[in-house]
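Here is what each chain is made of, one letter per residue.
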Amino acid sequence: MKVKDIALYLNSEVTGDGEIEINGLSSIEKASPSDLTFLSNKKYEKFLSTTEAGCVLVGKDTDISGYDKTFIICNDAYLCFAKIAQAMYAAKKDIRGISDKASVDESAVIDKSCFIDDFVVVKSGCKIGKNTVIMPFVYIGENSVIGDDCVIYPSVTIRERSIIGSNVIIHAGTVIGSDGFGYAKSENGKHIKIPQVGNVVIEDRVEIGANVTIDRAALDSTIIKSGTKIDNLVQIAHNVEIGDDSIIIAQTGISGSTKIGKNVILAGQSGIAGHLKIADNVIITAKSGVNSTIRKPGAYSGIPVFEHRKWLRSSAAFSRLGDMYKKVLELEREIEELKKR
Amino acid sequence: MKVKDIALYLNSEVTGDGEIEINGLSSIEKASPSDLTFLSNKKYEKFLSTTEAGCVLVGKDTDISGYDKTFIICNDAYLCFAKIAQAMYAAKKDIRGISDKASVDESAVIDKSCFIDDFVVVKSGCKIGKNTVIMPFVYIGENSVIGDDCVIYPSVTIRERSIIGSNVIIHAGTVIGSDGFGYAKSENGKHIKIPQVGNVVIEDRVEIGANVTIDRAALDSTIIKSGTKIDNLVQIAHNVEIGDDSIIIAQTGISGSTKIGKNVILAGQSGIAGHLKIADNVIITAKSGVNSTIRKPGAYSGIPVFEHRKWLRSSAAFSRLGDMYKKVLELEREIEELKKR
Amino acid sequence: MKVKDIALYLNSEVTGDGEIEINGLSSIEKASPSDLTFLSNKKYEKFLSTTEAGCVLVGKDTDISGYDKTFIICNDAYLCFAKIAQAMYAAKKDIRGISDKASVDESAVIDKSCFIDDFVVVKSGCKIGKNTVIMPFVYIGENSVIGDDCVIYPSVTIRERSIIGSNVIIHAGTVIGSDGFGYAKSENGKHIKIPQVGNVVIEDRVEIGANVTIDRAALDSTIIKSGTKIDNLVQIAHNVEIGDDSIIIAQTGISGSTKIGKNVILAGQSGIAGHLKIADNVIITAKSGVNSTIRKPGAYSGIPVFEHRKWLRSSAAFSRLGDMYKKVLELEREIEELKKR
């Protein structure tokens, strides 16, 4: 593929030599002369003078004067890189059929365009749509439904009655539909299990990372709406609902019955208490803890959270809190003396 | 099942129409006229006027005057709901025997009432009690013992010499008996592995969530005592002991050799350092970190923790810390001026 | 084995009866007369008077006068214990070959000294070195390479093109090479997946705990250098590099493209933001969050981190912040009154 063809595909402009042949993608630090790379994070701008890449995708606001390089100039270098990478690495799904080492219940309805690999278990009453790939050691419980064009990576457990849409990706080791953590306390102080008889619903274009846990509802459904992306080791408790196109970053936990809006970002290791609502377009910064409903879009930080801007001032002051404490004691003494005068 | 029969089972009183037929359970928001639901969290009281449920379980302190509905009035609505749900959804264990797709060592002793599903591995010297269900992709290492009436969900790993009691539930992807994280530093700064030659003991009625990790002891045993419930993605290090009937909520971590008492609650994403003792009836709130032994029951918060009540005041002040810092500087200036007078 | 033989092996000195027979290792609290134990943590010194151990390994600085016991006195008791435990529990690798219940692609090259257990999947183009043990339900994707003397525990997923050195241990449920969490935002606000086409490289003598997730690079490689040890439930994002001999404790998360130095310690539940550098010999204490590059060795704490010593003073003051806030308001009032005089 030539640079000029890539620019055409991206509907973008070339400066430099459009005839350069590109046959791979690489980072700006490690690219070779036949690689395409991109620059979107300013931190990496220093590599523009040293990169050996055949061509660099840059945004319109990048100053490329003074570099003897070939560039493709686009509105959004990262988005364009995503598009060209998808085109270059379009998944080849040429293996189809059901491995004779899989254990598929005869009542399951599986489209013949699917690939069911070795050591997969599909229980009774399941339905799997077109072109879906199920990798080894995946368990699909009774009466679950999986849509078209999904990829389920190894050792994923999908418990009974889960409903999974189309174009869903679930990474290895993730558990969908485990029992919610619900107990009532008996008269003698023992924890009595509440049977968890609901299910999990995952809508289209959701991607779920590795070793994530999404509990089934006690009653009704735990719901992840379309286009939401969930990173590794996230915990989603029973009866949670997450709106469309939200981003849940690694090791975040969401407690039971909480409703998260659309386009929300929960940064890494954040936590949300139970029975709350988080409005659309809210951002919770890393390691923060939410213990009350948030009705206003914006960024929030802290344990518990408050406005991010205020938190920046509080946390800056916190690093001087030892001195501040000492100073307050001194001021107190000085006032005592002033009062004596 | 009629409302009056449910009330009889729960030894509780009906107000309204005891003849209504109930054939399912649902949440108060989504119940249909043939569903039983319950009200225990005050936040949901507003739904009493709109729910379509055939009958609502309520506590004695709920004001139900003015609602044209059928109620069952009990001491503890949530506990009664747990009891009736357990009765309605009593697990059917009608499949028994060992799948011919499992790999079970001939020296293993497995009661004939068990169900060992496809692709289970049971190594030499294992013993499994009555009515226990082992789901696909479970690994049970040499000389492990599992009691009666347990359910082990898919892809659970139980390493060698684990001892698991009766009525234990282990959810998918959990690892029991992985090596503890123990290294000595060699003369040249390399980490030398300490062989982890102890085991894990899990007593009766323990429930363990999905993708949990419980490390085997370096020596002796890591012990989880009876009735304790552990949520998803919890980390329990080597040589930890957890007392009876404790609650460990999702993504909590407990470091090596720490001893947790009875009826302790460790809320979500909390962490406990190693070699500590936590007394009975302690509550650690979400996201808190414990770095010293706690001898007195009560609630503790913060990183590191102190009394929860004091923490509430500190964290409220923290949100105003930026202004407070500014004010202290101003006061200092003003005192300087006063001193000059 | 006699006490005197153990002392000889450790090149250390005995005080007491060198003829005592030792046939096991145990903790100082639970040891029997035929057990060897050790004392390295001062907290356990009180057990010296009560332990029944046949012999106790102690450091040169331990005061053993007044105890009628047999001791081996060494430079570093913990390190000596590691050495003797390794000698006593040297793994027996007497089972070799490929189970006929495994599914190994015929193009894979596996040394005949390996043991590939039941229900393992090895895809095309893989190479596995000498004496490596692969346990049940492990998935090894296309063209992956694993070195000599590795142990891969059950239900580990190793995605395509991973490169794993020698003497590597990977505990159960861990995922190596899952897709990094990378999306560009489209013109209409949808998240567009960036194909993750790099891989993971794990060097010699790395140990990785249970249910860890290590994402493949978007481009290039995510790299874990030799001798580094990673505890359970750790998240390592795409394009991260971790230097030699570092220690990453449970439930820590490292965000994308961050470079961690050598001999770094990241304590439990800590988090590092993306695109940062952490210098050699840095210690991040438990639950801390790093949001900027650290160039100077030393210990850091807090969210966000600053010098650990300063943090100790700040967090001590934090526990009195409620009172401090009240006092500042009082001082303000008193100054107002003084000004009126």
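Residues numbered from 1 in each chain as written. Chains lettered and ligands numbered in written order. Predicted model: local features only at pLDDT ≥ 70, side-chain atom pairs only at ≥ 80, totals over all residues. Heavy atoms only, no water.

What is the right way to read the overall build of chain A from this model?
Looking only at helices and strands, one finds four helices and 38 strands in chain A. In terms of overall size, chain A is more extended than a compact globule, its C-alpha atoms giving a radius of gyration of 26 Å where 341 residues would be expected to give roughly 20 Å. Taken along its principal axes, the extent of the C-alpha atoms in chain A is 95 × 75 × 30 Å. A total of 341 residues make up chain A; the buried ones form 60% of that total. Excluding contacts between residues fewer than 6 apart, the proportion of contacts in chain A whose partners are at least 24 apart in sequence is 17%. (Helix = DSSP H or I, 4+ residues; strand = E, 2+ residues; numbered from the N terminus. Rg over C-alpha atoms; globule rule 2.2 N^0.38 Å. Buried < 20%, exposed > 50% of the residue type's maximum accessible area, 1.4 Å probe, protein only. Contact = heavy atoms within 4.5 Å.)

I tried to follow a positive patch on the surface on my own but got confused; where do I start?
A cluster of basic residues, Lys43 and Lys46 of chain A together with Lys277 and Arg295 of chain C, forms a positive patch at the surface. For Lys43 of chain A, the location among the structural elements is in the loop between strand 3 (35–39) and strand 4 (55–59). (Patch = residues over 30% accessible without salt bridge, like charges linked within 9 Å, V, L, I, M, F, W, Y side chains within 5 Å. Areas by Shrake-Rupley, 256 points an atom, 1.4 Å probe, with all protein chains shown as cover. Salt bridge = Lys/Arg side-chain N within 4 Å of Asp/Glu carboxyl O. Lys, Arg positive; Asp, Glu negative; His and termini not counted. Charge placed at Lys NZ, Arg CZ, Asp CG, Glu CD.)

For this particular structure, what's the right way to read the sheet that holds strand 15 (residues 151–152) of chain B?
Hydrogen bonds between backbone atoms are what pair the strands of a sheet, whose relative direction is either parallel or antiparallel. All names here are of chain B. Judged by pairing direction, the sheet is mixed, and its twelve strands sit side by side in the order 6-9-12-15-18-23-26-29-32-35-37-38 without closing on themselves. Sheet topology places strand 6 (97–98) and strand 38 (306–307) at the edges, where each strand pairs with a single neighbour. In terms of strand pairing, strand 6 meets strand 9 (residues 115–116) through two bridges, oriented parallel. Each bridged residue has a counterpart across the sheet, and for Ile98 the counterpart in strand 9 is Ile116. (Pairing = 2+ DSSP bridges.)

Can you help me understand the interface of chain C and chain B in this one?
A common measure of how large an interface is: the accessible area buried when the components associate. With 71 residues of chain C at the interface, the matching set in chain B holds 75 residues. Carbon and sulfur atoms make up 62% of the area that chain C and chain B hide from each other, which totals about 5,600 Å². Summed over the shared surface of chain C and chain B, the number is eight salt bridges. Close ionic contact of Lys339 of chain C with Glu334 of chain B constitutes a salt bridge, the shortest N to O distance being 2.6 Å. Here chain C and chain B share 33 residue pairs in polar contact (both at pLDDT 80 or more) between them. Of all the secondary structure elements, the ones that give two or more residues to the side of chain C that touches chain B are helix 2 (77–88), strand 26 (229–230), strand 29 (247–248), helix 3 (308–318) and helix 4 (321–340) of chain C. Among the elements that make up the side of chain C that touches chain B, the one with the highest residue count is helix 4 of chain C (14 residues). Among the residues making up the side of chain C that touches chain B, the classes are represented as 35 nonpolar, 16 polar and 20 charged. (Buried area = accessible area lost by both parts, 1.4 Å probe. Polar contact = N/O pair within 3.5 Å; in protein donor to acceptor, adjacent residues only side chain to side chain. Nonpolar A, V, L, I, M, F, W, Y, C, P; charged D, E, K, R; others polar.)

Looking at this structure, I do not really get the packing of helix 4 (residues 321–340) of chain A against helix 3 of chain C. What am I missing?
Helix packing geometry: the angle between the two helix axes and the distance between the axes. Look at helix 4 of chain A against helix 3 of chain C: their axes get within 7 Å of each other, and the N-to-C directions meet at 55°. Our classification of the angle between helix 4 of chain A and helix 3 of chain C gives oblique. Along the contact surface, helix 4 of chain A presents Leu321, Gly322, Asp323, Tyr325 and Lys326 of chain A, while helix 3 of chain C presents Arg313, Ser314, Ala317 and Phe318 of chain C. For the contact of helix 4 of chain A with helix 3 of chain C, the class distribution of residues is four nonpolar, two polar and three charged. (Axes fitted to C-alpha atoms, helices over the stretch in contact; angles between N-to-C directions. Parallel < 35°, antiparallel > 145°, perpendicular 65-115°, else oblique.)

Before we go on, may I ask you to explain the environment of Ala172 of chain B in this structure?
Structurally, Ala172 of chain B is set in the loop between strand 18 (169–170) and strand 19 (175–178). Separated by 100 residues in sequence, Ala172 of chain B and Ile272 of chain B place their C-alpha atoms 25 Å apart. In this structure Ala172 of chain B touches Thr157 and Val175 of chain A together with Tyr153, Pro154, Val156, Ala210 and Asn211 of chain B, once residues within four positions along its chain are discounted.

Mind showing me how you'd approach the sheet that holds strand 3 of chain A here?
Residue and element names in this part refer to chain A. One open sheet accounts for five strands, arranged 1-5-4-3-2; its pairing is mixed. Where the open sheet ends on each side, the last strands, each with one partner, are strand 1 (13–15) and strand 2 (24–25). Direction of pairing for strand 2 relative to strand 3: parallel, over a ladder of two bridges. Paired with Gly24 across the bridge in strand 3 is Asp35.

Hey, could you run me through the interface of chain C and chain A in this one?
Taken together, the contact pairs 75 residues of chain C with 71 residues of chain A. Taking both sides of the interface into account, the surface hidden between chain C and chain A amounts to around 5,700 Å²; carbon and sulfur atoms contribute 62%. Sorting the residues of chain C by area buried against chain A places Phe181, His191 and Leu219 of chain C first, and these three jointly supply 11% of that buried surface. Our count for the chain C to chain A interface comes out at eight salt bridges. Joining chain C to chain A, the criterion identifies 33 residue pairs in polar contact (both at pLDDT 80 or more). Only strand 19 (175–178), strand 20 (183–185), strand 21 (191–193), strand 24 (213–215), helix 3 and helix 4 of chain C provide two or more residues apiece to the side of chain C that touches chain A. Counted by class, the side of chain C that touches chain A contains 32 nonpolar, 25 polar and 18 charged residues.

So what exactly am I meant to see when it comes to the relation of the copies chain C and chain B here?
To go from the first copy of the chain to the second, apply a rotation about an axis and then a shift along the same axis. Least-squares fitting of chain C to chain B yields an RMSD of 0.1 Å, with the transformation described by 0.0 Å of translation along the axis and a rotation of 120°. As the rotation angle and translation indicate, the two copies are arranged about a three-fold axis. (Least-squares fit on C-alpha atoms with pLDDT ≥ 70 in both.)

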